[in-house]
Amino acid sequence: MIDTNETVAQAMERQAAKSAKFLRQDRLFAGVTLSFASLVLLTLFGILVSLVVQAWPAFQEFGFGFFYSTTWSPTDGNFGAGIGIWGTLVTSLIALLVGVPISFGIAMFLTESCPVWLRRPLGTAIELLAGVPSIIYGFWGLFIFAPLVQDYIQPWMIRWIGEPFFGGPPLGLGIFTAGLVLALMVIPFIASVMRDVFETVPAVLKESAYGIGCTRWEVVKNIVLPYTRVGVIGGIMLGLGRALGETMAVTFVIGNANRFSLDLFDPGNSIASTLANEFAEADPTMHIPALFGLGLILFIITFVVLSISEWLIKQGEKKAGVK
Amino acid sequence: MDARYKRRKLTNSLSTLLSGVAVGIGLLGLIWILATLFIKGVPAMNWAFFTESTPAPGSEGGGMINAIVGSLLIVGLTTLVSTPIGILAGIYLAEFGDRSKIAAVTRFVTDIMLSAPSIVIGLFVYALFVATTKHFSGWSGSIALSLIAVPVVVRTTENMLKLVPGSLREAAFALGMPRWRVSLDVCLRAVQGGVITGILLAVARITGETAPLLFTALNNQFFSWNMDQPMANLPVTIFNFAMSPYENWQELAWGASALIAMLVLLLNIVARVAFREKSHS
């Protein structure tokens, strides 16, 4: 392989040529990988631009009122995002109110009280809950869960809490039930972030607290939670981001009524469920632009929420790195 | 003193109890959903389910073969497209992206795209592809799903490559390998188990995705291999059939849901087990 008659100069030249070749290949490789990485960025800009362009006729027609008007009437071509925004925000809020305490309980159990041999299987089971496709949550919610809510939970709440938010009638389907199904869906996301940040608390801190006689709850309340506050909020925001954009589970159980009502037991609509139900059969003149307008609003809200969540979780991780 | 001690102890027991209840609720949700699928879905999976196409409204019997094949085609194509894109982008972030601004932004955007509302991705592909070609198609369904799968692959690939010890890279450089060969033949090979895990998780994620297919692949009542036409697929068929008034349609939808859930959970478990063995050895 190596030519023994080669002079030193020739050998150096050969090496230089090889190095130059490698350099060219490396530059090409870096360029190719960079272009694929940029694809992700391009997609984001593409989504924003295409949504704005497609929604523009609706913004022109309805002006700023599009963002708060609670009229959504495909028959006479009058559209406002108010009902969708309300439905989206309220279902997500219910999901957080129900889901966050449960997620916190799960994370606390998995990191503090659970026997070590049980941690892995339990953690995996909770994570599998995140793997179940959302359409299955919806299907189950419509046929199994909603009837139970209608027969047991709603009559009880109408009797004891009542107006203005729980006035009834107990239909089973509606904003309230959609919020409950969403809660079950976001639990695994929030719980796994919480568990991860709880595990970053230095053992020394916790042991010192136990050493001066703190109970487990006092350790969690006074040591773990203050130490992981930022990451915990990040996890909750992640759950919120997920809940806001969830489509199929909500579409099945929210009742799909384009009517504004403060009563949470009434059927309503979220942005995502309106899109899922109406888009394929929408009229292209104004209905489609209005739906794109809804999509744009949803995308911007979730983008902001998820950005904050990302940033907070990163801050939490940084802290773990310092220890 | 004694009363205070008792109260602290009580609070502690209560909190432990409640956290146990929380785990119970989570487990109950999982078991309840799986049991429902098993009870309602498994009886629906008979011979006709796997051999006949979806029935017309009002007619008896029928199966899901057109939707099963459609889903396989769409998901298969998506996997073929998004795997190389995701891996190469992941390599950029891990190997070249240390101090680059673009890499930092890409990382951030990728994380957001992981949780972005999938229905908006459907809207985007509709605007970009369906509206310009003027018809729904299996191709556009695959494009929409790829946009969801790529971020999953990118992130796992990057995280795995970060685990490669610096000494391994340096050893390869010292042998005179060019950088691209170090990336592909040394680093990527060292973590191939983890990268495959990422691909499996991406497939699991897109198999049940419904929202982005609603206005891209749409649905098709008939068996078809043609990706340029509206294409039947399991999730959208479940959506249409579950909401329908026909009992045999609903039964088929339960069967299809059970099929998808089994596939997705199996992929999740395989991915986890495979990766755990890899990280132990």
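A. Structural context of the overall build of chain B. Scanning chain B from terminus to terminus reveals twelve helices and zero strands. For chain B, the sequential pattern of α-helices and β-strands runs α-α-α-α-α-α-α-α-α-α-α-α. A compact globule built from 281 residues would reach a C-alpha radius of gyration of about 19 Å, whereas chain B, at 24 Å, exceeds it by more than 25%. When each of the 281 residues of chain B is scored for burial, the buried share is 57%. Pairs at least 24 apart in sequence give 72% of the contacts found in chain B among residues at least 6 apart. The centroid of the 20 positive side-chain charges in chain B is displaced by 15 Å from the centroid of its 14 negative side-chain charges.

B. Spotlight on the overall build of chain A. Within chain A, the regular secondary structure consists of ten helices and two strands. Helices (α) and strands (β) of chain A occur, in sequence order from the N terminus, as α-β-β-α-α-α-α-α-α-α-α-α. With the principal axes as the frame, chain A shows a C-alpha extent of 100 × 70 × 35 Å. Going through the 323 residues of chain A one by one, you find that 55% of them count as buried. Residue pairs at least 24 apart in sequence account for 74% of intrachain contacts in chain A once pairs closer than 6 positions are excluded. Working note: accessible area of chain A is about 14600 Å², and carbon and sulfur atoms make up 67% of it.

C. Local environment of the nonpolar core. Tyr137, Phe279 and Phe292 of chain A together with Met64 and Ile119 of chain B are the most contacted members of the largest nonpolar core, which has 176 residues in total. Considering every element that reaches this core, the biggest residue donor is helix H5 (residues 175-198) of chain A, with 14 residues. Setting aside chain neighbours within four positions, we find isoleucine 119 of chain B in contact with Thr247, Ala272, Leu275, Ala276 and Leu298 of chain A together with Ala211 and Phe215 of chain B.

D. Representation of the interface of chain B and chain A in the model. Listed by partner, the interface residues are 77 residues for chain B and 80 residues for chain A. Per-residue buried area on chain B facing chain A is highest for Trp32, Ile33 and Leu123 of chain B; these three make up 8% of the total on that side. Between aspartate 111 of chain B and lysine 314 of chain A there is a salt bridge whose closest N-O contact spans 3.8 Å. For the pair chain B and chain A, the interface holds ten residue pairs in polar contact (both at pLDDT 80 or more). When residues of the side of chain B that touches chain A are assigned to their parent elements, the largest contribution, 19 residues, is made by helix H1 (residues 2-41) of chain B.

E. Structural view of the environment of valine 273 of chain B. Tracing the chain through its elements places valine 273 of chain B in helix H12 (residues 247-280). As for valine 273 of chain B and alanine 256 of chain B, which are separated by 17 residues in sequence, their C-alpha atoms are 26 Å apart.

F. Quick peek at the domain arrangement of chain B. All names here are of chain B. The domain boundaries assigned to chain B delineate domain 1 (2-44) and domain 2 (48-280). Residue-level contacts link six residues of domain 1 with eight residues of domain 2. Roughly 620 Å² is buried in total at the junction of domain 1 and domain 2, and carbon and sulfur atoms are behind 84% of that figure. The largest contributions to the domain 1 side of the interface with domain 2 come from Leu37, Lys40 and Ala44, which together make up 68% of the buried area. Joining domain 1 to domain 2, the criterion identifies zero salt bridges.

G. Representation of unusual backbone geometry within the structure. Residues and elements named next belong to chain B. Its identity is not glycine, yet lysine 134 carries a phi of approximately 65°, on the positive side. Checked against the element boundaries, lysine 134 lands in the loop between helix H5 (118-133) and helix H6 (138-162). A positive phi angle, close to 55°, is found at leucine 218, a residue other than glycine. Tracing the backbone shows leucine 218 in the loop between helix H10 (211-214) and helix H11 (234-242). On the basis of relative accessibility, which here comes to 23%, the residue leucine 218 falls in the partly exposed class.

H. Structural context of the side chain of threonine 78 of chain B. Residues and elements named next belong to chain B. Position of threonine 78 among the secondary structure elements: in helix H3 (residues 65-96). For threonine 78, a relative accessible area of 0% puts it in the buried group. Not counting the four nearest positions on each side in its chain, threonine 78 is found in contact with Ser142, Leu145, Ser146, Ala149 and Ile206.

I. Spotlight on the packing of helix H1 (residues 8-62) of chain A against H3 of chain B. Contact pair H1 of chain A / H3 of chain B: the axes reach a minimum separation of 8 Å and the direction vectors enclose 110°. Our classification of the angle between H1 of chain A and H3 of chain B gives roughly perpendicular. Crossing angle aside, the handedness with which H1 of chain A passes H3 of chain B is left-handed. Here Phe29, Ala30, Val32, Thr33, Leu34, Phe36, Ala37 and Leu39 of chain A of H1 of chain A come into contact with H3 of chain B, specifically with Ile85, Leu88, Ala89, Ile91, Tyr92 and Phe96 of chain B. The residue inventory of the contact of H1 of chain A with H3 of chain B, partitioned by class, reads 13 nonpolar, one polar and no charged.

Parameters at a glance
Residues numbered from 1 in each chain as written. Chains lettered and ligands numbered in written order. Predicted model: local features only at pLDDT ≥ 70, side-chain atom pairs only at ≥ 80, totals over all residues. Heavy atoms only, no water. Helix = DSSP H or I, 4+ residues; strand = E, 2+ residues; numbered from the N terminus. Rg over C-alpha atoms; globule rule 2.2 N^0.38 Å. Buried < 20%, exposed > 50% of the residue type's maximum accessible area, 1.4 Å probe, protein only. Contact = heavy atoms within 4.5 Å. Lys, Arg positive; Asp, Glu negative; His and termini not counted. Charge placed at Lys NZ, Arg CZ, Asp CG, Glu CD. Areas by Shrake-Rupley, 256 points an atom, 1.4 Å probe, with all protein chains shown as cover. Core = buried A, V, L, I, M, F, W, Y, C linked by side-chain atoms within 4.5 Å. Buried area = accessible area lost by both parts, 1.4 Å probe. Salt bridge = Lys/Arg side-chain N within 4 Å of Asp/Glu carboxyl O. Polar contact = N/O pair within 3.5 Å; in protein donor to acceptor, adjacent residues only side chain to side chain. Domains from an automatic or database assignment. Axes fitted to C-alpha atoms, helices over the stretch in contact; angles between N-to-C directions. Parallel < 35°, antiparallel > 145°, perpendicular 65-115°, else oblique. Left-handed = near helix turned anticlockwise from the far one by under 90°. Nonpolar A, V, L, I, M, F, W, Y, C, P; charged D, E, K, R; others polar.

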